[in-house]
Amino acid sequence: MKVALLFFSGTGITANFATEIAKGFQYHKNVVDLIRIKSDLQVDLTKYDIVGIGSQTYSFRAPRLVTRILHHQDFQKKPFFLFCTSGGMPGNTLWNLYKSVKRTGGYCLGFIDGIGITNIRSWMPKLSSPKPKFWGLNHGDCEQAQQFGNLILDRLEKIKNLSSFSKNKKWIPNFQIVTSIWSIFFTWRWEMALTVGLKHVDKSKCKMCGLCATTICPSGAITLTVSKIPKFNEWKCVGCNGCVNLCPTTAIWSIRSKNHHPYDHYNKSIINFDL
Ligand SMILES: Cc1cc2nc3c(=O)[nH]c(=O)nc-3n(C[C@H](O)[C@H](O)[C@H](O)COP(=O)(O)O)c2cc1C
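These numbers were taken from a predicted model, which means no experiment stands behind them.

Student: What is the right way to read the pairing of strand E3 (residues 50–56) from this model?
Tutor: The two faces of a sheet get side chains in turn, since along a regular strand they alternate between them. Of all 7 residues making up E3, 7 are buried, and the element is well covered by its neighbours. Of the two faces of E3, the one carrying Ile50, Gly52, Gly54 and Gln56 and the one carrying Val51, Ile53 and Ser55 are both buried. Bridging between strand E1 (residues 2–7) and E3 involves 5 bridges; their strand directions are parallel. Across the sheet, phenylalanine 7 pairs through a bridge with glycine 54, a residue of E3. Here E3 runs beside strand E4 (residues 80–86); their pairing, made up of 6 bridges, is parallel. Paired with glutamine 56 across the bridge in E4 is threonine 85. Handedness of the crossover is the feature at issue here: the chain leaves E3, passes through helix H2 (residues 64–71), returns alongside E4, and the resulting connection is right-handed.

Student: How should the pattern of salt bridges be read in this particular structure?
Tutor: Charged atoms that come close allow side chains of opposite charge to pair. Across all of its chains, the model carries 2 salt bridges by this definition. For the salt bridge of lysine 23 with glutamate 20, the shortest nitrogen-to-oxygen distance reads 3.1 Å. In this pair, lysine 23 and glutamate 20 both sit in helix H1 (residues 13–26), 3 residues apart, roughly one turn of the helix. Judged by its relative accessible area of 38%, lysine 23 is partly exposed.

Student: Help me out: how do you make sense of the environment of phenylalanine 148 in this one?
Tutor: Relative to the helices and strands, phenylalanine 148 resides in helix H5 (residues 139–161). Classification of phenylalanine 148 by relative accessible area gives buried; the value is 4%. For the pair phenylalanine 148 and isoleucine 21, spaced 127 residues apart in sequence, the C-alpha to C-alpha distance is 6.7 Å. Apart from the residues lying within four places of it in its own chain, the contact partners of phenylalanine 148 are Ile21, Phe81, Leu82, Gly110, Phe111 and Ile112.

Student: Looking at this structure, I do not really get the site of the ligand. What am I missing?
Tutor: Not every one of the 22 residues close to the ligand is listed here, only the nearest: Ser9, Thr11, Thr14, Thr57 and Gly116. Between an oxygen atom of the ligand and a side-chain N or O atom of serine 9, the distance comes to 2.6 Å. Between a nitrogen atom of the ligand and a main-chain N or O atom of serine 59, the distance comes to 3.0 Å. Contact with the protein chains hides 93% of the accessible area of the ligand, taken as 650 Å² for the molecule alone. Residue classes in the shell around the ligand are distributed as 7 nonpolar, 15 polar and no charged. Mapping the shell around the ligand onto the domain boundaries places at least three of its residues in each of domain 1 (2–179) and domain 2 (187–273).

How each quantity is defined
Residues numbered from 1 in each chain as written. Predicted model: local features only at pLDDT ≥ 70, side-chain atom pairs only at ≥ 80, totals over all residues. Heavy atoms only, no water. Buried < 20%, exposed > 50% of the residue type's maximum accessible area, 1.4 Å probe, protein only. Helix = DSSP H or I, 4+ residues; strand = E, 2+ residues; numbered from the N terminus. Pairing = 2+ DSSP bridges. Right-handed = clockwise from strand over helix to strand, strands pointing away. Salt bridge = Lys/Arg side-chain N within 4 Å of Asp/Glu carboxyl O. Contact = heavy atoms within 4.5 Å. Near = heavy atom within 4 Å. Polar contact = N/O pair within 3.5 Å; in protein donor to acceptor, adjacent residues only side chain to side chain. Areas by Shrake-Rupley, 256 points an atom, 1.4 Å probe, with all protein chains shown as cover. Nonpolar A, V, L, I, M, F, W, Y, C, P; charged D, E, K, R; others polar. Domains from an automatic or database assignment.

In structure tokens:
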């Protein structure tokens with residue numbers, strides 16, 4: 001069986017969660033492709049049997065950039081499942097993903113969430129200096145993510161074996177009205193940029209590699225000047241902090257991330273999917 005895992009991740013925690021989920025499927029000899037969601041994403045899902053879709057939580061919901069991209073993706077009525085990571089308050093994240101995928105997706109096989117609070121280090125390093133005790137997901141969440149694959153495969157079997165399968169509400173995430181009202185006001189793109197901080201470039205440190213614009217930015221918010229120095233469009237920025245974490249010379253910073261130090265695991269968890 002072939003599984004596509006589409007995920008959005010700013011600082012690598014959701015990428016790690018996706019990798020753990022993938023391990024669960026691979027254990028049963030299924031083939032899993034990990035695909036990072038970026039603004040130009042259009043995947044042909046024909047060759048896949050199941051699709052998993054995941055993102056992190058920004059202000060109690062999935063980033064609007066993600067839901068918009070998913071809305072334009074054709075899921076070809078494939079059975080799907082959802083996953084997310086948050087600092088502990090995912091709010092409507094899974095529901096937002098569900099709504100974006102259901103339109104062209106098939107049966108929802110379930111969902112799972114994990115906790116990854118320490119990405120706060122990328123935008124408020126003073127709060128978490130010098131280094132947090134653990135980075136990313138805790139061990140329990142990793143184990144659960146791996147077992148999640150079993151559950152999804154079981155449910156897929158059930159659907160195949162039953163000619164008439166009544167919809168099980170439990171597999172559809174709940175909509176939360178209160179967090180939804182909050183999200184209306186606090187998740188427009190420029191507001192996320194303001195929350196995390198406007199970006200600056202230390203020109204003396206910049207090596208003009210262009211990686212921030214070409215490799216990491218999911219929303220097309222970074223362009224390069226003629227001299228290859230990054231220029232930020234805060235209107236488009238979703239505040240994921242990918243550029244801050246990726247920059248090999250820590251030349252990119254915001255007021256909040258000024259004293260940040262790059263993630264040890266960052267290259268492994270994010271960049272390996274692209275290069
Ligand atoms: C701008 C911003 C807003 C966030 N909002 C929330 C939130 O509303 N609730 C929550 O539990 N976590 C929130 N978080 C934490 C992230 O959802 C969490 O750290 C997630 O695991 C990050 O995943 P990533 O590393 O894949 O980007 C927020 C993080 C950022 C940077």
